[in-house]
Amino acid sequence: MAKPSIPKGTRDFSPVEMARRNYIFQTIRDVYARYGYNQIETPAMENLATLMGKYGEEGDKLLFKILNSGDFLQKVPAELLTPDASRGKLTTKLCEKGLRYDLTVPFARYVVQHREELQLPFKRYQIQPVWRADRPQKGRYREFYQCDADVVGSNSLLCEVELVQIIDEVFQHLGIRVCIKINNRKILAGIAEVIGEPERIADITVAIDKLDKIGRDNVNAELLANGLSQTAVDKLQPILSLTGTNEEKLATIAQTLSNSDVGLKGIDEVRTVLELIAKSGGTQATLELDLTLARGLNYYTGCIFEVKALDVEIGSITGGGRYDNLTGIFGLPGLSGVGISFGADRIYDVLNQLNAYPAKATNGTQLLFINFGQREAEQALCYARQTRAASIATEVFPDAAKMKKQMSYANAQAIPYVALIGENELAEDKLTLKDMRTGKQQLLTIAEAIATISNNQ
């Protein structure tokens, strides 16, 4: 029999790994809650009509489509089941649903579907898995979690400021040094105008968004291959290499885009966000204006964000931006929104490489009662109710096995305390508490044991 396996781009997680992942999720969840965001969930699958056409041509190719199952195929004409059937008909007749590609488009669908129930501005967060039919590689998976926060129903740039503060606070709590990059899609639209290619904004953003990954020469080659003129590509080069402080970059690009109204509006938006952040105390993270930041998804229309870890080589670990009319595709035009998404799986990989988890992140069982027999186990069960009520994670070993086996279990599980109840302990209504890290043993009442463990957590 072949050894069982899992699909490429997916992972199993052990109890220790899950404890670490839950630490990440809880850290993000706590920060979201402090800023007034409320949690929702949406189904793993959406109608393909909801998903298709929302992520650009490249994104559509990465959608996992779900084949209709059960007896549905009995109703499909035989000619559509042949290899010669057109892709369009196959999609329509055989695949009507798909796994969600991100959480933003399902959120837009949710807002439109539940509009009458929502109080605007509506602030929500969502922590769920998404799926992309991408080629698996380091830091890139086919199944991964996103941790989104969005505000819809407000055009205020205070929302962008708040999201930058959330990013900064989360990574402070996680102990990861990061650079928060900011740009604006209006600036990119202005750049497309001044280089004479306003209709090629999509091609330009998709290409320059790859600058860090494939380098400038390959970006230029891709732009030329997509039909941009050599003159336009040449005009783009000073922008791709622009350096200096955020203020200096804004001043330079303002001169370059002086004849582009949309570009100047984007510059004003970025300048306002940066000024408000500075006036409210700034960020511990590095905050950098990066004019090559594009965020390839088509629905972004204003400020865009991306976060890079400074001490680990890995792709973006957080991203997001403003979308002015995402709900319009579902029949509710004019409702602006802005959001961010933490890439929990990449954050997990960063923390693993840095070995930056606090001890509490992987704390499991704190106390194990050794089982010497029926009477002792009955007393252990009574004590365990009290320790658990005191928020001490407790196990009672289920079998009256040899002492060596039970202690080996405690060591293997890194359980810091074991409690022994023998005849003497039963007679005195006490237990012997052993600290597995130091070897120290004490004869204590259950109340004293609880106090000792609680004071050393």
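Above this note sits the structure.
Attention here is on the structure that accompanies the text. (Residues numbered from 1 in each chain as written. Predicted model: local features only at pLDDT ≥ 70, side-chain atom pairs only at ≥ 80, totals over all residues. Heavy atoms only, no water.)

### Side note on the overall build of the protein
Reasoning step 1: Per the secondary structure count, the protein includes 17 helices and 16 strands.
Reasoning step 2: Taking the principal axes of its C-alpha atoms as reference, the protein extends roughly 90 × 65 × 45 Å.
Reasoning step 3: The buried share among the 457 residues of the protein stands at 49%.
Reasoning step 4: Taking all contacts inside the protein whose residues are at least 6 apart in sequence as the whole, residues at least 24 apart take part in 70%.
Reasoning step 5: Just so you have it, the protein exposes about 22,700 Å², and 49% of that area is on carbon and sulfur atoms.
Reasoning step 6: Charged side chains in the protein number 53 positive and 56 negative. The centres of these two groups are separated by 3 Å. (Helix = DSSP H or I, 4+ residues; strand = E, 2+ residues; numbered from the N terminus. Buried < 20%, exposed > 50% of the residue type's maximum accessible area, 1.4 Å probe, protein only. Contact = heavy atoms within 4.5 Å. Areas by Shrake-Rupley, 256 points an atom, 1.4 Å probe, with all protein chains shown as cover. Lys, Arg positive; Asp, Glu negative; His and termini not counted. Charge placed at Lys NZ, Arg CZ, Asp CG, Glu CD.)

### Digging into helix α9 (residues 211–225)
Reasoning step 1: The end-to-end C-alpha separation of α9 is 16 Å, well short of the 21 Å expected for 15 residues at 1.5 Å each.
Reasoning step 2: The largest bend along α9 reaches roughly 75° and is located at Asp217.
Reasoning step 3: Those residues of α9 that are buried lie in contact with α8 (201–208) and α10 (230–240).
Reasoning step 4: Of the residues one or two after α9, Gly227 is the one with positive phi, at around 105°. (Expected span 1.5 Å × (residues − 1). Bend = angle between axes of the 7 residues up to and from the residue.)

### Observations regarding the sheet that holds strand β3 (residues 65–66)
Reasoning step 1: Here three strands make up an open sheet; going across it, the order is β2-β4-β3 and the pairing antiparallel. Each having just a single partner strand, β2 (45–47) and β3 make up the two edges of the open sheet.
Reasoning step 2: Where β2 and strand β4 (residues 97–99) come together, three bridges link them in antiparallel fashion. Its bridge partner being in β4, Glu46 is matched across the sheet by Gly98. (Pairing = 2+ DSSP bridges.)

### Section: the environment of Tyr32
Reasoning step 1: As for its placement among the helices and strands, Tyr32 is situated in helix α1 (residues 15–34).
Reasoning step 2: When its relative accessible area of 0% is taken as the criterion, Tyr32 is described as buried.
Reasoning step 3: Spatially, the C-alpha atoms of Tyr32 and Ser156 are 19 Å apart, while their sequence positions differ by 124 residues.
Reasoning step 4: Apart from residues no more than four positions distant in its own chain, Tyr32 is found in contact with Tyr37, Tyr125, Cys147, Asp148, Ala149, Ile166, Ile340 and Phe342.

### Details of the sheet that holds strand β11 (residues 337–343)
Reasoning step 1: Reading across the sheet, the eight strands line up as β1-β5-β6-β11-β10-β9-β7-β8 and stay open at both edges, with mixed pairing between neighbours. With one partner strand each, in any of the chains shown, β1 (38–39) and β8 (286–289) form the two edges of the open sheet.
Reasoning step 2: As paired elements, strand β7 (residues 178–184) and β8 share four bridges and run parallel to each other. Bridge pairing in β8 links Lys181 to Glu288.

### What about the pairing of strand β5 (residues 122–131)?
Reasoning step 1: When you tally the buried positions in β5, you get nine out of 10 residues, the bulk of the element.
Reasoning step 2: Pairing of β1 with β5 involves two bridges; the strand directions are parallel. The partner of Gln39 across the bridge, within β5, is Tyr125.
Reasoning step 3: Relative to strand β6 (residues 143–152), β5 runs antiparallel, the two being bridged by 10 bridges. Across the sheet, residue Gln128 finds its bridge partner in β6, namely Gln146.

### Notes on the packing of helix α6 (residues 158–174) against helix α12 (residues 261–279)
Reasoning step 1: Here α6 crosses α12 at 55°, and the two axes come no closer than 9 Å. Viewed along their axes, α6 and α12 adopt a mutual orientation that is oblique. Of the two possible hands of crossing, α6 and α12 adopt the one that is right-handed. Along its contact with α6, which presents Leu158, Glu160, Val161 and Val164, the element α12 presents Val273, Leu276 and Ile277.
Reasoning step 2: Here the residues of the contact of α6 with α12 are counted per class, giving six nonpolar, no polar and one charged. (Axes fitted to C-alpha atoms, helices over the stretch in contact; angles between N-to-C directions. Parallel < 35°, antiparallel > 145°, perpendicular 65-115°, else oblique. Left-handed = near helix turned anticlockwise from the far one by under 90°. Nonpolar A, V, L, I, M, F, W, Y, C, P; charged D, E, K, R; others polar.)

### Regarding the pairing of strand β15 (residues 431–435)
Reasoning step 1: Within β15, four of the five residues are buried, which leaves it mostly tucked inside the rest of the structure.
Reasoning step 2: For strand β14 (residues 417–420) and β15, the ladder comprises four bridges, and the chain directions are antiparallel. Residue pairing across strands places Val418 opposite Lys434, the latter belonging to β15.
Reasoning step 3: Across four bridges, β15 lies against strand β16 (residues 441–444) in antiparallel orientation. When the bridges of β16 are listed, Lys434 appears paired with Gln441.
Reasoning step 4: Here β15 folds back onto β16 in antiparallel fashion, the turn holding five residues, of which Gly439 has a positive phi close to 85°.

### Details of the environment of Gln284
Reasoning step 1: Position of Gln284 among the secondary structure elements: in the loop between α12 and β8.
Reasoning step 2: Discounting residues that sit within four places of it in the chain, Gln284 has contacts with Asp168 and Gln172.

### Let's talk about α6
Reasoning step 1: End to end, α6 covers 24 Å across 17 residues, agreeing with the expected 24 Å (1.5 Å per residue, within 8%).
Reasoning step 2: Most of α6 is tucked away, with 13 of its 17 residues classed as buried.
Reasoning step 3: Remark: Gly175 follows α6 within two positions and exhibits a positive phi of approximately 75°.

### Overview of the packing of α1 against α6
Reasoning step 1: Direction vectors running N to C along α1 and α6 enclose 140°, while the axes themselves pass 10 Å from each other. One finds that α1 runs oblique with respect to α6. Of the two elements, α1 crosses α6, and the hand of that crossing is right-handed. Only Ile166, Glu169, Val170, His173 and Leu174 of α6 make contact with α1, whose side of the interface consists of Tyr23, Ile24, Thr27, Ile28, Val31, Tyr32 and Arg34.
Reasoning step 2: Looking at side-chain class alone, the contact of α1 with α6 contains eight nonpolar, two polar and two charged residues.

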